[in-house]
Amino acid sequence: MHAYRTHTCGELRKKDVGTRARLSGWVNRRRDHGGLIFIDLRDHYGITQCVVEPDSPAFATVDKARSEWVLTFTGHIEARTEDTINPDMPTGEIELRIDEASVQGTASDLPVPVFGDLEYPEETRLKYRFLDLRREKLHKNIILRSKIISSVRRRMIDQGFMEYQTPILTASSPEGARDFLVPSRLHPGKFYALPQAPQQFKQLLMVAGFDRYFQIAPCFRDEDARADRSPGEFYQLDIEMSFVTQDDVFAAVEPVLHGVFEEFAEGRKVSPAPFVRIPYEESMLKYGVDKPDLRNPLIIADVGSVFDREDVAFKAFKNKTVRAVPAPGAASQPRSWYDKLEAWAKTEQGAAGLGYIVFEDKDGVLTGKGPIAKFLPPEAQAELAKIVGLKAGDAVFFSANAKKDRAAALAGQVRIKLGRDLGLIDDSKFEFCWIVDFPMYEWNEDEKKIDFSHNPFSMPQFDREKFLALDPADQDTILGIKAFQYDIVCNGIELSSGAIRNHDPDVMLKAFEIAGYKREETEVKFAGMLNAFRYGAPPHGGTAPGIDRMVMLLAGVDNLREIILFPMNQRAEDLMMNAPSEATLKQLRELHIRVVKPEKE
RNA sequence: GGGGGCGUAGCUCAGUUGGUUAGAGUGACGGCCUGUCACGCCGUAGGUCGCGGGUUCGAGCCCCGUCGCUCCCGCCA
């Protein structure tokens, strides 16, 4: 007989009755009836009830066992009597009658109990992560993560992609997030950087002729955390393809994402491929964000024209961008509901206010009520109702601002809040869409200059010769240029960002020049890539869906720590391993590093 | 860097207008219990009320500061 087990704790069934079996696992739960002791023994695969009576030679050992001790039990599998069968357990028809027991490991009092699903403080859970990981929910989430990643790999390989590894110790990337730096021992004063993404490497792979690349790639960015953004490190399904148009990339990625989501949806609906494509500008108008949650049925409308009518005298909205968010059925809400929303808009969104009109049926005529309704004569109210699509019993909220972007953004936040507060979001669905035609550049108000709005490596949607001839002073034209740049969004979460890349060195130099980088500067910063593009570069493009966010969506959790094995806390500390920690003097000396701590005030 | 929320037993939480010895449930430990599966019953231990200062005859409660956790903004090509 094997030293530790003949079966796992999840596999014994009625057909095994009479078998002599050996099980090893943790004490999930102990029930002591004086003479009779039940132990639920748990391993990765399941739980099996084991029972011992005082006449067994194993009784003394079992009697002293406590929660989470690791034990090995040997005995015969017996059928449970009709009235003691537990239909809630896969192994509930049988039990193991213990006649040999040995202790493989004892356990101290538990700071986090494994049995049960009581909430525990995040700090304790992180410090004792190995205990937390034994708990049913987290254990299940991590298994789900593994299965999702396997499925992704299989689907990518089936589509002719190959997985390649790219360096972890590499060069600092000149754009984007803050880098993690690694000091070089051999080169005093010089540093490697951890990759923010394998962006340049995957493009170089295309230049090297590998055609269809993917990698479950670790990415490192030294930026502050959020609930859906790990501090420091995360994983992307990094993808790049040669000789492709935007549509080819979509056609390659859609079946993978759709397939994976269908596979793990467990009854939830997944929007069919091809996914809806929404131009950036349309998304900003209708949803007020570039990552719309399409489960939310509300559509924002531009109603500036209504407030600019000569018969409308509401000065606060004149000559401004005014966006309207419908609130179907909200007429029945009490005044306090509207007051609360306005307070939310002012405090949390920094809005000047949040105007609204409630529409009711008055003798067959749709009539507006509320603080600003009186500024709109019946004709203007009718026009408003028509544009927004309002009926009696609905309300409408207004977001007005001299700056178009600000008006759109507040409307977007109002739309999200109304969708939630009015219970309009069906959480049994996964709604995918592509956001396309992102602007290539944007105006940086602080520095009064033109910036890349997203990925500086994207190909502009502009005639090559005309692009090369652009005068940086021609701001209107430049700010109107779109890029072959696209995002995948699911349920209001940005899953990935991608682009058809700029593989033309002249266009690239020009693109950076427009964003304020001198040609010589670009030549130095992107020497590797520019140089490669001068030796025959294929047109190429790709994208990089976030693995962690995919798993979050499929696991139905709203925090990354529920789907990552050993996460750091919000301050980027690993409480279990004590990272970061100080280096020894010897280590620092070898690295030619001297620590200068910030002065405390 | 900024803003919000939270901080009372290992854990989840209660604690009245500032007033006697700070409670409950759960977990731990001990006892009883031969069919439980959130077993049951009885008992015991367990507290710097995050920390420091202040107001007061008296502070878990009020004030100031500070620390920790968390969520958000900035940031994340």
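A few points on the structure. Because the structure is a prediction, the values reported are computed rather than measured.

### So, the packing of helix 4 (residues 136-158) against helix 17 (residues 547-555)
Here is step 1: Running from N to C, helix 4 and helix 17 cross one another at 120 degrees; their axes reach a closest spacing of 10 Å. In terms of orientation, helix 4 lies oblique with respect to helix 17. Once helix 4 is placed against helix 17, the crossing between them reads as right-handed. The residues of helix 17 that touch helix 4, namely those facing Asn141, Leu144, Arg145, Ile148, Ile149 and Val152, are Ile547, Asp548, Met550, Val551, Leu554 and Ala555.
Here is step 2: Taken together, the residues that form the contact of helix 4 with helix 17 break down as nine nonpolar, one polar and two charged.

### Details of helix 14 (residues 505-514)
Here is step 1: A large share of helix 14 lies buried, amounting to eight of its 10 residues.
Here is step 2: Among all positions in helix 14, only Pro505, Val507, Met508, Leu509, Lys510, Ala511, Phe512 and Ile514 are buried.
Here is step 3: Where helix 14 is buried, its residues touch strand 20 (441-444), strand 21 (449-452), helix 12 (464-468), helix 13 (475-479), helix 15 (519-525) and helix 16 (527-533).

### Things to note about the packing of helix 6 (residues 246-264) against helix 17
Here is step 1: At a minimum axis separation of 10 Å, helix 6 and helix 17 run at an interaxial angle of 35 degrees. Note that helix 6 runs across helix 17; the crossing there is right-handed. For the pair formed by helix 6 and helix 17, the contact residues are Leu257, Val260, Phe261 and Phe264 on the first element and Met550, Leu553 and Leu554 on the second.
Here is step 2: For the contact of helix 6 with helix 17, a count of residues per class yields seven nonpolar, no polar and no charged.

### A look at the protein's contact with RNA strand B
Here is step 1: Around RNA strand B lies a shell of 44 residues, among which Arg29, Asp32, Thr84, Glu223 and His454 are the nearest.
Here is step 2: Each atom of RNA strand B within 4 Å of the protein was classed as base or backbone; sugar and phosphate made up 52%.
Here is step 3: Measuring from a phosphate oxygen of RNA strand B, one finds a side-chain N or O atom of Arg29 at 2.3 Å.
Here is step 4: In the environment of RNA strand B, a base nitrogen lies 2.5 Å from a nitrogen or oxygen atom belonging to the backbone of Thr84.
Here is step 5: Elements represented by at least two residues in the surface near RNA strand B include exactly strand 1 (20-32), strand 5 (94-105) and helix 2 (122-127).
Here is step 6: Among the elements that line the surface near RNA strand B, the one with the most residues is strand 1, at three residues.
Here is step 7: Looking at side-chain class alone, the surface near RNA strand B contains 11 nonpolar, 13 polar and 20 charged residues.

### Observations concerning unusual backbone geometry
Most peptide bonds are trans, and most residues other than glycine sit at a negative phi.
Here is step 1: In this structure, Pro274 follows Ala273 across a cis peptide bond, with omega equal to -5 degrees.
Here is step 2: Within the fold, Pro274 resides in the loop between strand 11 (269-270) and strand 12 (276-279).
Here is step 3: Of note, the amide linkage connecting Ala579 to Pro580 takes the cis form, showing an omega dihedral of -5 degrees.
Here is step 4: Within the fold, Pro580 resides in the loop between helix 17 and helix 18 (585-590).
Here is step 5: The phi angle at Asn319 is positive, at roughly 55 degrees, despite the residue not being glycine.
Here is step 6: A relative accessible area of 69% places Asn319 in the exposed class.
Here is step 7: With a phi angle near 55 degrees, Asp363 is a residue other than glycine that sits in the positive phi range.
Here is step 8: Secondary-structure assignment places Asp363 in the loop between strand 15 (355-362) and strand 16 (365-369).

Each value, and the rule that gives it
Every residue gets a number counted from 1 within its own chain, in the order that chain's sequence is written. Following the order in which they are written, the chains are lettered starting with A and the ligands numbered starting with 1. Side-chain atom pairs in this predicted model are given and counted only at pLDDT of 80 or more, local residue features only at pLDDT of at least 70, and totals for whole chains, interfaces and linings cover all residues. Hydrogens are left out, water is left out, and the side-chain values use all remaining heavy atoms of the structure. Where helices are involved, their axes are fitted lines through C-alpha atoms of the stretch in contact, as for all axes, and angles between N-to-C directions lie from 0 to 180°. Helix and strand assignments come from DSSP, with helices taken as H or I runs of at least 4 residues and strands as E runs of at least 2, each series counted from the N terminus. The labels follow the angle: roughly parallel below 35 degrees, roughly antiparallel above 145, roughly perpendicular from 65 to 115, and oblique for the rest. A crossing counts as left-handed when the near helix is turned anticlockwise from the far one by less than a right angle, and as right-handed when that turn is clockwise. When checking whether two residues touch, look at their non-hydrogen atoms; a contact exists if any pair is within 4.5 Å. Amino acids are sorted into nonpolar (Ala, Val, Leu, Ile, Met, Phe, Trp, Tyr, Cys and Pro), charged (Asp, Glu, Lys and Arg) and polar (every other residue, Gly among them). For each residue, the accessible area found with a 1.4 Å probe, counting protein chains only, is set against the maximum for its type, and the residue is called buried under 20%, exposed over 50%, and partly exposed in between. Put simply, a residue is near a molecule or strand once any heavy atom of it comes within 4 Å of that molecule or strand. Here a polar contact means two N or O atoms within 3.5 Å. Within protein one must be a hydrogen donor candidate and the other an acceptor candidate, and residues neighboring in sequence count only if both atoms are side-chain atoms.

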